[in-house]
Amino acid sequence: MERLHLSWEDLLQLVRRLAEALSGEPFDLVLGVARGGLIPTALLAQALGARNILTAAVMFYEGEEALPEPVFLQFPPDVLLFGKRVLVVEGVWDSRRTAFAVKARVRRAGGVPVVATLHFKPGRNRVPDRPDFYAEETAAWVVYPWALEAWPKGSYPSGCLRPTGPGKLPRELLPGPPCWRSQHGVVSRPHRALRWGL
């Protein structure tokens, strides 16, 4: 699959394009979907002057096994979404079970979701929906400037934190890549966790 490597300037241009498209849209708050939507959420909120920002984290895999239903690791309480027009921000919509699940959860809470993504991959879409707004269509694998693959070698911490199990905090410092990867997410900056005694 073709890889599309984006610079920070490319990213800012996409955010500007989204901000222009969204400038006439009313919304009450922004909901960033972790992890790929967090940086776009911050940049888009800044461009739009939005201050009410929430986050959601959804898991669809346990290791390499697909889960039958999404697991919401973090989601705002319904009372914060009820009666609100919610701008849901994701990095890319490809198979997009994640954004689709978040959109449905916002609706169940009584909110009105509006989904904005940097990239839309119509050829990989596996849900009967699409983003309301997107900056660019692509079929490529997108490598955002915050992806580990885009980091210059030697510019990240040398230690790695390993999880001790589902729902448990990482406790073991290991040599290797800049952070651990597993079904439980990524923890970076291991020195902070060690300083806090985790």
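Model, not experiment: these values are computed from the prediction. (Residues numbered from 1 in each chain as written. Predicted model: local features only at pLDDT ≥ 70, side-chain atom pairs only at ≥ 80, totals over all residues. Heavy atoms only, no water.)

A. Highlighting the overall build of the protein chain. Across its full length, the protein chain holds 5 helices and 12 strands. The buried share of the protein chain, reckoned over its 198 residues, is 40%. Sequence separation of 24 or more characterises 60% of the internal contacts of the protein chain that already satisfy a separation of 6 or more. Accessible surface, the protein chain as shown: approximately 11200 Å² in total, 53% of it carbon and sulfur. (Helix = DSSP H or I, 4+ residues; strand = E, 2+ residues; numbered from the N terminus. Buried < 20%, exposed > 50% of the residue type's maximum accessible area, 1.4 Å probe, protein only. Contact = heavy atoms within 4.5 Å. Areas by Shrake-Rupley, 256 points an atom, 1.4 Å probe, with all protein chains shown as cover.)

B. Broad picture of the packing of aromatic side chains. One pass over the full model with this rule turns up 4 aromatic pairs. Here Trp8 and Trp146 contribute two aromatic rings whose centre-to-centre distance is 6.4 Å and whose plane-to-plane angle is 45°, an arrangement assigned as tilted. Separated by 138 residues along the polypeptide, Trp8 in helix α1 (residues 8-22) and Trp146 in the loop between β8 (141-143) and β9 (159-162) bring together distant segments of the chain. Ring centres of Phe120 and Tyr134 lie 5.1 Å apart, and the angle between their planes is 50°; on these two criteria the pair is classed as tilted. Placement of the pair is Phe120 in strand β6 (residues 112-120) and Tyr134 in strand β7 (residues 133-137), with a sequence separation of 14 residues. (Phe/Tyr/Trp six-rings, centres within 6.5 Å; stacked < 30°, edge-to-face > 60°.)

C. Here's a closer look at α1. For α1, which comprises 15 residues, the first-to-last C-alpha distance of 21 Å matches the rise-based estimate of 21 Å (1.5 Å per residue) to within 8%. Listing the buried residues of α1 in full gives Leu11, Leu14, Val15, Leu18, Ala19 and Leu22. Viewed end-on, α1 has its buried residues packed into an arc of 140°, placing them on one side of the element. Buried residues along α1 sit against α2 (38-48), β5 (85-93), β6 and β7. The N-cap residue of α1 is Ser7: its side-chain oxygen and the backbone nitrogen of Glu9 are 3.3 Å apart. (Expected span 1.5 Å × (residues − 1). Arc of directions from axis to C-beta. Polar contact = N/O pair within 3.5 Å; in protein donor to acceptor, adjacent residues only side chain to side chain.)

D. Representation of the nonpolar core within the structure. In this structure, Leu18, Leu44, Leu87, Leu118 and Tyr144 are the most contacted members of the largest nonpolar core, which totals 22 residues. When contributions to this core are tallied by element, the ones reaching two or more residues are α1, α2, β5, β6 and β7. When residues of this core are assigned to their parent elements, the largest contribution, 6 residues, is made by α1. Not counting the four nearest positions on each side in its chain, Tyr144 is found in contact with Leu6, Gly91, Val92, Leu118, His119 and Ala150. Listed in part, the 19 residues of the second largest apolar core include Phe75, Val88, Trp93 and Ala109. (Core = buried A, V, L, I, M, F, W, Y, C linked by side-chain atoms within 4.5 Å.)

E. Inspection of the confidence of the model for the protein chain at higher detail. The predicted model of the protein chain averages 78 in pLDDT, with 72% of residues at 70 or higher. Ranking the elements of the protein chain by mean pLDDT puts helix α5 (residues 190-195) last with 36 and helix α3 (residues 78-81) first with 97. Confidence drops under a pLDDT of 50 for residues 161-198, and excluding neighbours within four residues, the segment shows 70 contacts in the predicted structure. (pLDDT = per-residue confidence, 0-100.)

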